[in-house]
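Chains, contacts and geometry: an overview
Listed below are the residues making up each chain.
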Amino acid sequence: MAGQGHRGRPGAVRKAKKGTKVGSGGKRRRGLEGKGPTPKAEDRVYHVAHKRKLEREEAARRAQPRLRASLQLAPDHELVVGRNPVAEAVAAGISYTRVFVVETMSLDERVVEVVNAAAAAEIPLVSVSRTEMDLLAGEVVHQGIALEVPPYEYVGLADLIARPVERAEEIRRWQGDAAAQAAPRGLIVALDSVTDPHNLGAVLRSAAAFRADGVLITARRSASVNATVWKVSAGAAARIPVAQETNLVQSLRALQEAGYFVVGLDGAAETAIADIPVADMPLVLVTGAEGAGLSRLVRETCDVLAAIPISSAAESLNAAVATGVSLYQIDQLRRAQR
């Protein structure tokens, strides 16, 4: 039949009609997008290579040196490390529970004194390998010796206020009224949100060098006394008390009521630290965090704001350096006024 000769013929192909083709409307676009590079076999959780990777990591973890259980510190205990800090701490009579000494280290005079003091007080002396001491001390340079000490005992603000009074009374008892009148007035360093323990340790060292009565910090947003502070302070943490209070502004106001003048370090202040008019009075020197400086409320509480003149090439001084420079200047002013 005409027109139907192709029906039933093997291999016959029906040709598509010409006209508009219907697309997917973008529905298949996401499916055609690339999914990125194929992950490595060891990163595919279902692959056998991933299991082997986990086995290798576990084996490496087990092969790492671990501290003996008997060497673990008691809860909340800290380490004082380094020959000078350890010797200073023991000489100051702080409480400690164990002395760790590296087996192969050479015993210099400081170490011998510590070992003898521990033996006299019947405090355990523990011999450790250098690897074990590295694990104990972490990243702090230990010089082969360390003390285990209980949590640091902070004093109260009243204790800092009492120190110059007690000192004057002792001078009066031994040297008379005139010597007591000439004794240095109270001097306290307060830190406003200084969070670096290296700065706190350096401030303690400067405070000890320039006869401050103590350092005031806050319980929050402030570095606390830890192993790093002990190390950086070179033992000054054993001689300079640290008061830890909740609110710095309230503490400064309490010190003002006790007769102290509050001097805040501020790079924009018009008065230089060498020109403060109250150097011979009981003082609180307040240092703010590097960069941020003093907080608004602390700045408003200060009686005097003072600056350290520096070269225009430098933007500011490190908090600990600024404190040390200021303490030196205050000490010089007090010496000149005696």
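Numbers given for residues are sequential positions, taken from 1 along each chain in its written order. For a predicted model such as this one, the threshold for reporting local features is a pLDDT of at least 70, and the threshold for listing and counting side-chain atom pairs is 80 or more; totals across whole chains, interfaces and linings nevertheless cover every residue. The side-chain numbers reported here are obtained from all heavy atoms of the structure, hydrogens and water having been left aside.

So, about the sheet that holds strand β7 (residues 242-245). One open sheet accounts for 7 strands, arranged β7-β6-β5-β10-β8-β11-β9; its pairing is parallel. The strands lining the two open edges of the sheet, one partner per strand, are β7 and β9 (271-272). One ladder, built from 4 bridges, connects strand β6 (residues 214-218) with β7; its direction is parallel. Counted as the bridge partner of L216 is A243 from β7. In this fold helix α8 (residues 197-209) packs onto β5 (187-192), β6 and β7, with an angle of close to 155 degrees to the strand it touches most, β6. Each of β5, β8 (261-265) and β10 (283-288) is contacted by helix α12 (residues 319-336), which is oriented at about 160 degrees to β10, the strand it contacts most. When DSSP finds two or more bridges between a pair of strands, those strands are recorded as paired. Numbering of helices and strands runs from the N terminus; a helix is a DSSP stretch of H or I covering at least four residues, while a strand is a stretch of E covering at least two. A contact between two residues is defined here by any heavy atoms of the two lying within 4.5 Å. Where helices are involved, their axes are fitted lines through C-alpha atoms of the stretch in contact, as for all axes, and angles between N-to-C directions lie from 0 to 180°.

Here the focus is the pattern of salt bridges. Salt bridge, as used here: a side-chain nitrogen of Lys or Arg that lies within 4 Å of a carboxyl oxygen of Asp or Glu. The final tally for this structure, using the stated rule, is 10 salt bridges. Residue R167 is joined to D213 by a salt bridge in which the shortest nitrogen-to-oxygen separation is 2.7 Å. Highlighted residues: R167 in helix α6 (residues 157-175) and D213 in the loop between α8 and β6, separated in sequence by 46 residues. Taking the relative accessible area as the measure of exposure, D213 reaches 0% and is therefore buried. Between D266 and R299 there is a salt bridge, and its shortest N-O distance comes to 3.1 Å. Pair noted here: D266 is in the loop between β8 and β9 and R299 is in helix α11 (residues 296-301), with a separation of 33 residues, a long-range link. One network of salt bridges, with partners in common, ties together R83, D108 and R110. Exposure is judged per residue with a 1.4 Å probe applied to protein chains only, and the accessible area is read against the type maximum: over 50% gives exposed, under 20% gives buried, and values in between give partly exposed.

Now for the nonpolar core. One finds F100, L147, L200, L204, V215, V263 and I276 to be the most contacted residues of the largest nonpolar core, which totals 66 residues. No other element matches the 5 residues that α12 contributes to this core. Filtering out sequence-adjacent residues up to four positions away, V263 remains in contact with I273, I276, V278, L283, V284, L285, V286, C302, V304 and A306. Throughout, nonpolar core names a set of buried Ala, Val, Leu, Ile, Met, Phe, Trp, Tyr and Cys residues whose side chains join them through atoms within 4.5 Å. With 17 residues, the next largest nonpolar core counts L157, I188, L255 and V284 among its residues.

All right, on to unusual backbone geometry then. At D76, a residue that is not glycine, the phi angle is positive and equals roughly 70 degrees. Within the fold, D76 resides in the loop between α2 (48-63) and β1 (78-81). Backbone geometry places E122, a non-glycine residue, at a positive phi of 60 degrees. Judged by its relative accessible area of 72%, E122 falls in the exposed class.

So, about the sheet that holds β1. If you walk across this open sheet you meet the 4 strands as β1-β4-β2-β3, and the pairing is mixed. Sheet topology places β1 and β3 (125-128) at the edges, where each strand pairs with a single neighbour. For this sheet, the mean inter-axis angle between neighbouring strands, taken without regard to orientation, is 25 degrees. Pairing of strand β2 (residues 98-102) with β3 involves 4 bridges; the strand directions are parallel. Residue pairing in the sheet places V101 in a bridge with S127 of β3.

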